[in-house]
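Close look at the chain arrangement
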Amino acid sequence: NNPFRTALVNLSSDSNRLEQNTSFVIEFPPLYKTLANTLQNDEPTLLLYLLLLKSERFRNYVLAATDIDLLFLPILQTLYRAPECNGHLTYMSLIIVLILSEDDLFNQTIHGCILRQNQMAWYTERSFTQLSLGGLVILVVIRTIQYNMLKMRDKYLHTNCLAALANMSSQCTNLHPYVAQRIVSLFETLARKHSRLVEGLKGVDTEESEEGFDEVSDAVQDAAVLEEVLRMLLEIINSCFSHQIQNNPNLVYAVLYKREMFEMYSKNPAFQDLLENIHSVLVYMSSRVEQENENRGGYPLSVHEVQDIVREGCKQFPKESLKSLGDLKFKYVEEEEPEEFFIPYIWSLTQKFMFWKENLLKT
């Protein structure tokens, strides 16, 4: 038992209503603001992690905050700068996103929180005049997945990324066209990579596999990981459609635009079950577009006209026709022996403030 840790998680902000286990009183608003202003550093990020995980009082305060962008934007910036940041800070920032995404009210709030252009100046992939905080979270998390799959190849990292997206999926509303496009684009990019790996493995005979066992083993493992990621992405799209199709015409349009790709993968046994609902939406929307096209004597429809048809179709789509796949919900649980991660991490931070006589250090 760590008495300092116990004292921190039992803090309170109300001196008039002290509970039995209250260790000390501190005003939450200045604590919240101070953390928000310093989250580019490891120590405040660790403190925020601890308070969100263990202090129900502070977690409830954060979840009810009307200026959640103040706290959340620095966390997203850390994830965005993952290639430049240390791995520990990236992990902690991502876990904070996952912990907060467990709350449905929080997920509703971030999709209703509209950011101004100057708040997103650090996001350089695309310029926005305005974008919801929820949309920016999706963009940054997708970027983190892509970076991880390409460079770090850390299963723990992309599992937490996908879990956060899954938790948010039932509350995703009015997704920006670019956000919707990035979701579909991520699936397309990883699906192509998965297909190449599977095709490559088909051409390997027994003798070759024995000679290059390690390479084949890595390819099999990579294909399995990609299949898992692709299935989760399909579950996320399913969840968006099942819960919020009327509020997500841009996502429906992005899927419809890549109809041939989704139809091709619907024939793959590994993804068939998760593409039934998506196929139903595609058939419904395609028939509306084709009918409107016939009404106009076969005259080609513009992009905006198709988008209008999809928008109206989303309002009228019979959601009850979609199969229920259950709610996508993931909860962060600390490892059984978290000290294996935290002690070396915290020690590396404290060493910066310690001064040793180099001649007495043992190598």
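Residues numbered from 1 in each chain as written. Predicted model: local features only at pLDDT ≥ 70, side-chain atom pairs only at ≥ 80, totals over all residues. Heavy atoms only, no water.

Remarks on the packing of helix α3 (residues 42–54) against helix α4 (residues 56–63)
Our working rule: Between N-to-C directions, angles span 0 to 180 degrees; the directions come from axes that are lines fitted to C-alpha atoms, helices contributing only their stretch in contact. For helices the rule is a DSSP run of H or I covering at least 4 residues; for strands it is a run of E covering at least 2, with both sets numbered from the N terminus onward. Oblique is the label for any angle not under 35 degrees, not over 145, and not in the 65 to 115 range, which are roughly parallel, roughly antiparallel and roughly perpendicular in turn. Contact between two residues is taken to exist if any of their heavy atoms lie within 4.5 Å; hydrogens are not considered. For this classification, Asp, Glu, Lys and Arg are treated as charged, while Ala, Val, Leu, Ile, Met, Phe, Trp, Tyr, Cys and Pro are nonpolar and the rest, including Gly, are polar.
One can describe the packing of α3 onto α4 by two numbers: an axis separation of 6 Å at closest approach and a directional angle of 100°. Taken as axis vectors, α3 and α4 run roughly perpendicular relative to one another. In this structure, α3 contributes L48, L51, L52, L53 and K54 to the contact, and α4 contributes E56, F58, R59 and V62. In terms of residue class, the contact of α3 with α4 is built from six nonpolar, no polar and three charged.

Some words on the environment of H243
This is how it is decided: For the purposes of these results, a polar contact is taken to be a pair of N or O atoms within 3.5 Å, where, inside protein, one atom must be able to donate a hydrogen and its partner to accept one; residues adjacent in sequence count only when each atom of the pair is a side-chain atom.
Mapped onto the elements of the fold, H243 is located in helix α12 (residues 213–244). H243 sits 19 residues away from F262 along the chain, and the two C-alpha atoms are 20 Å apart. Here D327 takes part through its side chain, which lies 3.2 Å from a polar atom of the side chain of H243.

So, the confidence of the model for the protein
In plain terms, the rule: Per-residue confidence from the prediction method is given by pLDDT, with values spanning 0 to 100.
With 94% of its residues at a pLDDT of 70 or more, the protein has an overall mean of 89. Per-element confidence in the protein ranges from a low mean pLDDT of 51 for helix α11 (residues 206–211) to a high of 97 for helix α13 (residues 249–257).

Examining the side chain of S93
Our working rule: Here the term buried applies to any residue with accessible area under 20% of the maximum for its type, exposed to any over 50%, and partly exposed to those in between, with areas from a 1.4 Å probe on protein chains only.
Tracing the backbone through its elements, the reader meets S93 in helix α6 (residues 87–101). Judged by relative accessible area, S93 falls into the buried class, the value being 1%. For S93, the side chain forms a polar contact with the main-chain oxygen of L89, separated by 2.9 Å. For S93, the contacting residues outside a window of four places in its chain are T45, I75, T78 and L79.

With respect to the packing of aromatic side chains
The geometry of two aromatic rings is summed up by the distance between their centres and the angle between their planes. Defined as follows: In summary, the pairing rule links any two rings of Phe, Tyr or Trp, Trp by its six-membered ring, whose centres are within 6.5 Å, and it sorts them by plane angle into stacked for under 30 degrees, edge-to-face for over 60 and tilted for everything else.
Scanning all chains against the criterion turns up 21 aromatic pairs. For the pair F341 and Y345, a centre-to-centre distance of 5.7 Å together with 55° between the ring planes defines the contact as tilted. Here F341 pairs with Y345, and both are found in helix α17 (residues 339–350), just four residues apart, close to one helical turn. Residue classification places F341 among the partly exposed positions, given a relative accessible area of 28%.

A short note on α4
The following threshold applies: Directions drawn from the helix axis to the C-beta atoms are what define this arc.
Those residues of α4 lying buried are F58, V62 and L63. The buried residues of α4 occupy one face: seen down the axis, they fall within an arc of 135°.

Some thoughts on the packing of helix α2 (residues 28–38) against α4
The interhelical angle for the contact between α2 and α4, taken along N-to-C directions, is 70°, at an axis separation of 11 Å. In terms of axis orientation, α2 runs roughly perpendicular to α4. For the pair α2 and α4, the contacting residues are F28, P29, L31, Y32 and L35 in the first and R57, F58, Y61 and V62 in the second. For the contact of α2 with α4, the class distribution of residues is eight nonpolar, no polar and one charged.

Looking at the pattern of salt bridges
The test is simple: For this analysis, a salt bridge means a side-chain nitrogen from Lys or Arg found within 4 Å of a carboxyl oxygen belonging to Asp or Glu.
Under the criterion given, the structure shown has 14 salt bridges. A salt bridge links R231 to D273, with the shortest nitrogen-to-oxygen separation between them at 3.0 Å. Of the two residues, R231 is situated in helix α12 and D273 in helix α15 (residues 272–295); the sequence distance between them amounts to 42 residues. Exposure remark for D273: the relative accessible area of 39% places this residue in the partly exposed category. The partner of D308 in a salt bridge is R311, and the shortest N-O contact between them spans 2.7 Å. Placement of the pair is D308 and R311 together in helix α16 (residues 303–316), with a separation of three residues, close to one helical turn. By relative accessible area, which is 44% here, D308 ends up partly exposed. Residues joined by salt bridges that share partners form a network here, namely E188, R192 and K258.

Here's the deal with the side chain of E334
Along the chain, E334 turns up in the loop between α16 and α17. Within the local environment of E334, its side chain forms a polar contact with the side chain of Y49, the two groups lying 2.6 Å apart. If near-sequence neighbours (up to four positions away) are discounted, E334 is found in contact with R5, Y49, L53, K54 and F342.

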